[in-house]
Amino acid sequence: MADVEYLQSIIRQHPDFPKKGISFLDIFPILRDPIAFETLITHFVHHITSQTIPKSLHKKVDVVVGLDARGFLLGPIVALRLGASFVPVRKRGKLPGECVSATYMKEYGTDTFEMQSDAILPGQSVIIVDDLIATGGSAKAAGELVKKLGGVTVEYLFIIEIMFLKGYQELDAPAYSVIQHCLD
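Since the model is a prediction, treat every value here as computed from it, not as a measurement.

## Brief notes about the pairing of strand S3 (residues 63-67)
Walk down a regular strand and you will see the side chains alternate between the two sheet faces. Buried residues dominate S3, accounting for five of its five residues. Here S3 shows two buried faces, one formed by Val-63, Val-65 and Leu-67 and the other by Val-64 and Gly-66. The pairing of S3 with strand S4 (residues 85-91) spans five bridges and is classified as parallel. Residue Val-64 lies in a different strand from S4, and its bridge partner there is Phe-86. Regarding topology, helix H4 (residues 71-82) serves as the crossover connection from S3 to the parallel S4, and that connection is right-handed. As paired strands, S3 and strand S7 (residues 125-133) are joined by four bridges and run parallel to one another. Across the sheet, residue Val-63 finds its bridge partner in S7, namely Val-126.

Listed below in structure tokens is the structure:
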């Protein structure tokens, strides 16, 4: 079984969560299985080193940005494997020091993300990672934070993409998802 099919077989679907009409795709079974988690991280790193970096201007990744909260589970490991720094994007009021902010529309309302203002240097190459892209609002906000600090987003990475929502169209750089989820 190929790695994508293997990972897809482990993800659980929870209908009507967190509210009626929403089908929640649960990645936590991947994280509980060391082989599956390693497969996921290796898949991401292979994609970055074989596809993303060769096409990038500077031929390297300086920073991996992880979105609150599941991006925190993936980003530091990917960053470590790439020899890059990790930068968290958090919800408003959760980071110390001076921050830049971006407000975005979510599936269920609005929210604000923040990043520490000294986290990315001008010109650094950045990859943004999260578990899932739906409408693209949170990833777009993270990209805006990177741009405010002068960084260059070279790619957005997701475990799952909800295809019919076309969230990648909101983004300012290419997007890669391991699993493309279509409605059943």
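## Let's talk about the pattern of salt bridges
Applying the stated criterion across every chain, the model contains seven salt bridges. Residues Glu-38 and Arg-81 are paired through a salt bridge, measuring 2.9 Å at the closest nitrogen-oxygen approach. With Glu-38 in helix H3 (residues 34-55) and Arg-81 in helix H4, this residue pair connects regions lying 43 residues apart in the sequence. Look at Glu-38 and you get partly exposed, because its relative accessible area is 36%. The shortest N-O distance in the salt bridge between Asp-62 and Lys-60 comes to 3.0 Å. Given the relative accessible area of 15%, Asp-62 is considered buried. The exposure class of Lys-60 is partly exposed, given its relative accessible area of 43%.

## As for the environment of Gly-93
Looking at where Gly-93 falls in the secondary structure, it is placed in the loop between S4 and strand S5 (99-106). Between the C-alpha atoms of Gly-93 and Arg-32, which are 61 residues apart in sequence, the distance is 30 Å.

## Thoughts on the pairing of strand S8 (residues 152-162)
Judged by how many residues are buried, S8 sits mostly within the fold: 10 of 11 residues are covered. Here eight bridges tie S7 to S8, and the two strands are oriented parallel to one another. Each bridged residue has a counterpart across the sheet, and for Ile-128 the counterpart in S8 is Tyr-156. Since S7 and S8 lie parallel, the crossover through helix H5 (residues 137-148) that links them has a hand, and here it is right-handed. Relative to strand S9 (residues 175-181), S8 runs parallel, the two sharing six bridges. Looking across to S9, one finds that Ile-162 is bridged to His-181.

Reading the values: rules and limits
- Position labels on residues start from 1 in each chain and follow its written sequence.
- In keeping with the predicted nature of the model, local features appear solely for residues at pLDDT of at least 70, side-chain atom pairs appear and are counted solely at 80 or more, and the whole-chain, interface and lining totals rest on all residues.
- The side-chain figures draw on all heavy atoms in the structure; neither hydrogens nor water molecules are used.
- The buried label goes to any residue with under 20% of its type's maximum accessible area, the exposed label to any with over 50%, and the partly exposed label to all in between, with areas taken from a 1.4 Å probe on protein chains only.
- Numbering of helices and strands runs from the N terminus; a helix is a DSSP stretch of H or I covering at least four residues, while a strand is a stretch of E covering at least two.
- In this description, strands pair whenever DSSP reports at least two bridges between them.
- We call a crossover right-handed when, viewed with the strands running away from us, the connection from the first strand over the helix to the second turns clockwise.
- Salt bridge criterion: a side-chain nitrogen from Lys or Arg within 4 Å of a carboxyl oxygen from Asp or Glu.

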